[in-house]
Amino acid sequence: DVKVTQSSRYLVKRTGEKVFLECVQDMDHENMFWYRQDPGLGLRLIYFSYDVKMKEKGDIPEGYSVSREKKERFSLILESASTNQTSMYLCASSLQNPPYEQYFGPGTRLTVT
Amino acid sequence: ELKVEQNPLFLSMQEGKNYTIYCNYSTTSDRLYWYRQDPGKSLESLFVLLSNGAVKQEGRLMASLDTKARLSTLHITAAVHDLSATYFCAVDYGGSQGNLIFGKGTKLSVKP
């Protein structure tokens, strides 16, 4: 079974803190993705990566950065957390060949106070 | 811009009834995905539809894809409470990187 794990299920941080969210997958997937999910807005893509050290901006990259130093690990970084970044963050991974089915981690609910 | 629209966004139904959730998308794509999300949980893959006319069934759920109409349906037969969840459809860009665009989700509530 594909397994995608995220470092924390719940996280509370203060405004201005630097926040690291880690995602690890064990199926040798090339593609990895970070989404945020907010009520009424669905899933929005923040960043994705299709190879080690490669990254591409998604729909809402402002205020975020990412790092992919190893194939299995994709980190999302909030350089200076703000209250409008309070959200559920979901990591996903997929193969680089069709059918591109994405497998999701359990999610991290981040609250910025 | 690729858009994916689900209809309805909220659905309250009684146990034993049938209903259909619709997923329309705005550009050509041969690949469509259905996911389920339970409250407070992550997304779980339900179906992957890879060609026009594809139909997949599991239990009381059946998904189909009409690429010419740019429409997928998720049909619920004789609903039970355990099906209460939010259902998302997603379409890929058709490119080589496997990016998906998700609909906003349909929150299904099945009442006794």
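Re the overall build of chain B
In terms of regular secondary structure, chain B is built from 0 helices and 11 strands. Listing each helix as α and each strand as β along chain B from the N terminus yields β-β-β-β-β-β-β-β-β-β-β. Overall, the C-alpha framework of chain B stretches about 45 × 30 × 20 Å when taken along its three principal axes. Burial statistics for chain B: of 112 residues in total, 47% are counted as buried. Taking contacts inside chain B between residues at least 6 apart in sequence as the whole, the part at least 24 apart equals 54%. Accessible surface computed for chain B: about 5,600 Å², of which carbon and sulfur atoms make up 48%.

What about the environment of Ser 72 of chain B?
All names here are of chain B. Looking at the secondary structure, you find Ser 72 in strand 8 (residues 71-76). Separated by 24 residues in sequence, Ser 72 and Val 48 have C-alpha atoms that sit 11 Å apart. Of note is the side chain of Ser 72, whose polar atom sits 2.9 Å from the side chain of Trp 34.

A short note on the state of the cysteines
Overall, the coordinates contain 2 disulfides over all chains when judged by the stated rule. Across the disulfide from Cys 23 of chain A sits Cys 91 of chain A; the S-S distance is 1.8 Å. Its torsion about the S-S bond being -75 degrees, the disulfide of Cys 23 of chain A and Cys 91 of chain A is classed as left-handed. Of this pair, Cys 23 of chain A sits in strand 3 (residues 19-25) while Cys 91 of chain A sits in strand 9 (residues 87-94); the two residues are 68 residues apart in sequence, bridging distant segments of the chain. Each member of the pair, Cys 23 of chain A as well as Cys 91 of chain A, carries the same accessibility label: buried. Paired by a disulfide, Cys 23 of chain B and Cys 89 of chain B hold their sulfur atoms 2.0 Å apart. Across the S-S bond linking Cys 23 of chain B and Cys 89 of chain B, the dihedral sits near 80 degrees, which makes this disulfide right-handed. You can see Cys 23 of chain B sitting in strand 3 (residues 19-25) and its partner Cys 89 of chain B sitting in strand 9 (residues 85-92), a full 66 residues away along the chain. Just as Cys 23 of chain B is buried, Cys 89 of chain B falls in that class too.

Definitions and limits used
Residues numbered from 1 in each chain as written. Chains lettered and ligands numbered in written order. Predicted model: local features only at pLDDT ≥ 70, side-chain atom pairs only at ≥ 80, totals over all residues. Heavy atoms only, no water. Helix = DSSP H or I, 4+ residues; strand = E, 2+ residues; numbered from the N terminus. Buried < 20%, exposed > 50% of the residue type's maximum accessible area, 1.4 Å probe, protein only. Contact = heavy atoms within 4.5 Å. Areas by Shrake-Rupley, 256 points an atom, 1.4 Å probe, with all protein chains shown as cover. Polar contact = N/O pair within 3.5 Å; in protein donor to acceptor, adjacent residues only side chain to side chain. Disulfide = S-S within 2.5 Å.

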